[in-house]
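What follows is the residue order along each chain.
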Amino acid sequence: RRCRHALAGPVRRRGPAAASMSTLPLQVQAEAYAFRELVKHLQWRKDVQNIDLMNLSGFCRNCLSKWYFAGALQLGLNIDYDDACEEVYGMSYADWKQAHQTKATAEQLKQMEDAKAGHAKHPPLPLKKDGKERAGTVLQPTSVAPPRSLGAASSVCCTTADEIAAAAAAPVGEPGSDSAAAPSSQVIRLGVLTLSDRASSGLYNDLSGPAIVDSVTAFASTIGLATEDSVAEESAGSSGLVVQVTRQAVLPDNQALIERTLEEWSDAVDSDAHSAKAACNLILTTGGTGLAPRDVTPEATKAVVERTLPGLAQAVLAHWVHREPAALLARCVAGVRGRTLIVNLPGRPAAVRQHLAVLLPLLPYMIAQVDPP
């Protein structure tokens, strides 16, 4: 089977997920157990057709595959919809249809047609499994939930795999999480600093820096905030949080250079808060947080901040370590210099999105504390 990194893999689990199961919190283990038993039951009851499941409950095996696919993408796992189907069906979807799917009756088709009003309809969004397009372009989250009413289909019914990938591409915090309260009108002057010897020398393109920009602006849009295109409206008195990318650079892993850049971006003085020369009130770095001798971003950050925020790194670690053991190796630092919040993020685009999924809901409140209007 192609999908070897299932979070709670249904029945025939193997690989890292199986090995780390004992480290999961008990509630997550219970939820994973329920998922595996549901999948096992559906694999056993091959006589129950998908159309019967849809007509009775508004979801089917394909819906379950899409939920699994969406969750995997949110966690940065590189799978496609076919992989997810194979986890749920226990074989490829094409093989299952050939072996077990029967021709729908006229009555079944009529029931399906009558329920179409509750099916979600969206245009297709082309995305590749390898994540190259998602890494550089985080699409706006797409609502896939139909109106909840008796007889309505599931939140992913009739939704394409590409739409699910688009919704999962931009982290907007954990499902159901609320961002902390912030003033009705505020500007985030964002600086994005990528630290990589190879990216700075042109050996490969910087994907993590653009991922940060796209994730922050996408988060702002999902909670009714604004981007830098709305600066004029905000200045005129409309409420919202404006995200301005005032500085962006790709530098080598040189501690002195990193320190100097963080200081310049934090200490710039300009009377116009919207000016490109104004100090950043938020700097997000990416890269240089590992164990290699040239990974010096945390040391540079500690040298320039006046107060550290260890709780941010601890929150990210607590959230992700049971799903991504490599999170234990990250040495990300967060702190405040003057009226600037500086946060280190890892170098991989997927890890950037994972960290931001935890940090972004706190962003409005943190900026309001560090740089009050």
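Conventions and cut-offs
- Think of each chain on its own: its residues are numbered from 1, step by step along the sequence as written.
- At least 70 in pLDDT is required for a residue's local features to be given in this predicted model, at least 80 for side-chain atom pairs to be given and counted, and no such filter applies to totals for whole chains, interfaces and linings, which use all residues.
- The basis for every side-chain value is the complete set of heavy atoms in the structure, and neither hydrogens nor water enter the calculation.
- Strands are runs of DSSP state E lasting at least 2 residues, helices are runs of H or I lasting at least 4, and numbering of each runs from the N terminus.
- A simple rule labels every residue: compare its accessible area, found with a 1.4 Å probe on the protein chains alone, to the largest value its type can have, and call it buried under 20%, exposed over 50%, or partly exposed in between.
- Here the accessible surface of atoms and residues is derived via Shrake-Rupley with a 1.4 Å probe, and residues count as covered only by protein chains that are part of the display.
- Aromatic pairs are defined between Phe, Tyr and Trp rings, using the six-membered ring for Trp, whenever the two ring centres lie within 6.5 Å; interplanar angles under 30 degrees are classed as stacked, those over 60 as edge-to-face, and all others as tilted.
- Working rule: Lys NZ or Arg CZ, within 6 Å of ring centre, within 35 degrees of ring normal, means a charge sits over the ring.
- Fitted lines through C-alpha atoms give the axes, limited to the stretch in contact for helices. The angle between two N-to-C directions lies from 0 to 180 degrees.
- For classification purposes, an angle smaller than 35 degrees is called roughly parallel, one larger than 145 roughly antiparallel, one from 65 to 115 roughly perpendicular, and anything else oblique.
- The crossing is said to be left-handed when, going from far helix to near helix, the turn is anticlockwise and less than a right angle, and right-handed when the turn is clockwise.
- A contact between two residues is defined here by any heavy atoms of the two lying within 4.5 Å.
- Each residue receives one of three labels: charged for Asp, Glu, Lys and Arg, nonpolar for Ala, Val, Leu, Ile, Met, Phe, Trp, Tyr, Cys and Pro, and polar for the others, Gly being one of them.
- The method works on a 1 Å grid over the protein atoms by themselves. A cavity is a set of points holding a 1.4 Å probe that cannot get out, a pocket is an open set with protein on both sides within 12 Å along at least five of seven lines, and residues with an atom within 4 Å of a point line them.
- Grid points are joined across faces, edges and corners, and a volume is the space filled by probe spheres set on the points.
- When DSSP finds two or more bridges between a pair of strands, those strands are recorded as paired.
- The term polar contact refers here to a pair of N or O atoms within 3.5 Å; inside protein, the definition further demands a hydrogen-donor-capable atom paired with an acceptor-capable atom, and it admits residues adjacent in sequence only when both atoms are side-chain atoms.
- In what follows, salt bridge is the name for a side-chain nitrogen of Lys or Arg lying within 4 Å of a carboxyl oxygen of Asp or Glu.

Caption draft 1: Expanded view of the overall build of the protein. A tally of helices and strands in the protein yields 17 helices and six strands. Taking all 373 residues of the protein together, 47% fall into the buried category. Looking at the protein as shown, the accessible area adds up to about 18,000 Å², and 56% of this sits on carbon and sulfur atoms.

Caption draft 2: Structural view of the packing of aromatic side chains. According to the stated counting rule, one finds five aromatic pairs in the structure shown. Arranged with centres 5.7 Å apart and planes meeting at 10°, the rings of Phe35 and Tyr68 form a pair that is stacked. Of this pair, Phe35 sits in helix H2 (residues 26-44) while Tyr68 sits in helix H4 (residues 61-74), and the two are 33 residues apart along the sequence. We classify Phe35 as buried; its relative accessible area is 18%. Taking relative accessible area as the criterion, Tyr68 reaches 11% and is therefore assigned buried. Taken together, the aromatic side chains of Tyr89, Tyr93 and Trp96 make up a single cluster linked through ring pairs. Here Lys97 stacks its cationic end above the ring of Tyr93, 4.7 Å away from the centre of that ring.

Caption draft 3: Inspection of the packing of helix H15 (residues 310-320) against helix H16 (residues 349-359) at higher detail. In the contact formed by H15 and H16, the axes pass within 9 Å of each other and the chain directions differ by 115°. In terms of orientation, H15 and H16 fall into the roughly perpendicular class. The hand of the H15/H16 crossing is right-handed. Between H15 and H16, the residues in contact are Leu312, Ala315, Val316, His319 and Trp320 and Gln354, His355, Ala357, Val358 and Leu359, respectively. The class makeup of the residues in the contact of H15 with H16 is seven nonpolar, three polar and no charged.

Caption draft 4: A look at the layout of surface pockets. A volume near 620 Å³ is recorded for the second largest pocket. For the second largest pocket, the lining is made up of 32 residues, of which Gly287, Gly288, Pro346, Gly347 and Arg348 are closest to its centre. Counting residues per element, the ones that place at least two in the lining of the second largest pocket are strand E1 (185-195), helix H10 (197-200) and H16. Ranked by the residues each element gives to the lining of the second largest pocket, the list is headed by H16, at four residues.

Caption draft 5: Focus on helix H17 (residues 363-370). Summarising burial for H17: six of the eight residues are buried, a large majority. Regarding H17, the residues found buried are Leu363, Pro364, Met366, Ile367, Ala368 and Val370.

Caption draft 6: Here's a closer look at empty space enclosed by the protein. Within the structure shown, the criterion is met by two cavities of 30 Å³ or more. If you add up the space inside the second largest cavity, you get close to 70 Å³. What lines the second largest cavity is simply Val216, Leu282, Leu284, Leu341, Val343, Leu356, Leu359, Leu360, Leu363 and Met366. Looking at the lining of the second largest cavity, the elements that each hand over two or more residues are strand E3 (282-286), strand E6 (340-345), H16 and H17. Taken together, the residues that form the lining of the second largest cavity break down as ten nonpolar, no polar and no charged.

Caption draft 7: The pairing of E6, seen in detail. A large share of E6 lies buried, amounting to six of its six residues. For E3 and E6, the ladder comprises five bridges, and the chain directions are parallel. Note that in E6 the partner of Thr286 across the bridge is Leu345. By the bridge criterion, four bridges tie strand E5 (residues 334-337) to E6 in an arrangement that is antiparallel. Bridging from a neighbouring strand, Arg337 pairs with Thr340 of E6. Turn length for the E5-E6 hairpin, with the two strands adjacent in sequence and antiparallel, is two residues, and the turn residue Gly338 shows positive phi of about 60°.

Caption draft 8: Representation of the environment of Trp265. With respect to the helices and strands, the residue Trp265 is situated in helix H13 (residues 255-267). Along the backbone, Trp265 and Gly191 are 74 residues apart, and their C-alpha atoms lie at a distance of 7.4 Å. Beyond its immediate chain neighbours, meaning those up to four positions away, Trp265 contacts Gly191, Val192, Leu193, Arg247, Gln248, Ala249, Ala279, Cys280 and Ile283.

Caption draft 9: Expanded view of the environment of Asp47. As for its position among the elements, Asp47 is in the loop between H2 and helix H3 (50-57). For the pair Asp47 and Thr102, spaced 55 residues apart in sequence, the C-alpha to C-alpha distance is 9.0 Å. Only 2.7 Å separates the side chain of Asp47 from the side chain of Arg45, close enough to count as a polar contact.

Caption draft 10: Broad picture of the pattern of salt bridges. This structure, assessed with the given rule, holds eight salt bridges. Residue Arg294 is joined to Asp197 by a salt bridge in which the shortest nitrogen-to-oxygen separation is 3.0 Å. Residue Arg294 is located in the loop between E3 and helix H14 (297-304), and its partner Asp197 is located in helix H10; the two are separated by 97 residues in the primary sequence. The residue Asp371 makes a salt bridge to Arg339 at a minimum N-O spacing of 2.6 Å. Remark: Arg339 occurs in the loop between E5 and E6 and Asp371 occurs in the segment after H17; sequence separation between them is 32 residues. Given the relative accessible area of 45%, Arg339 is considered partly exposed.

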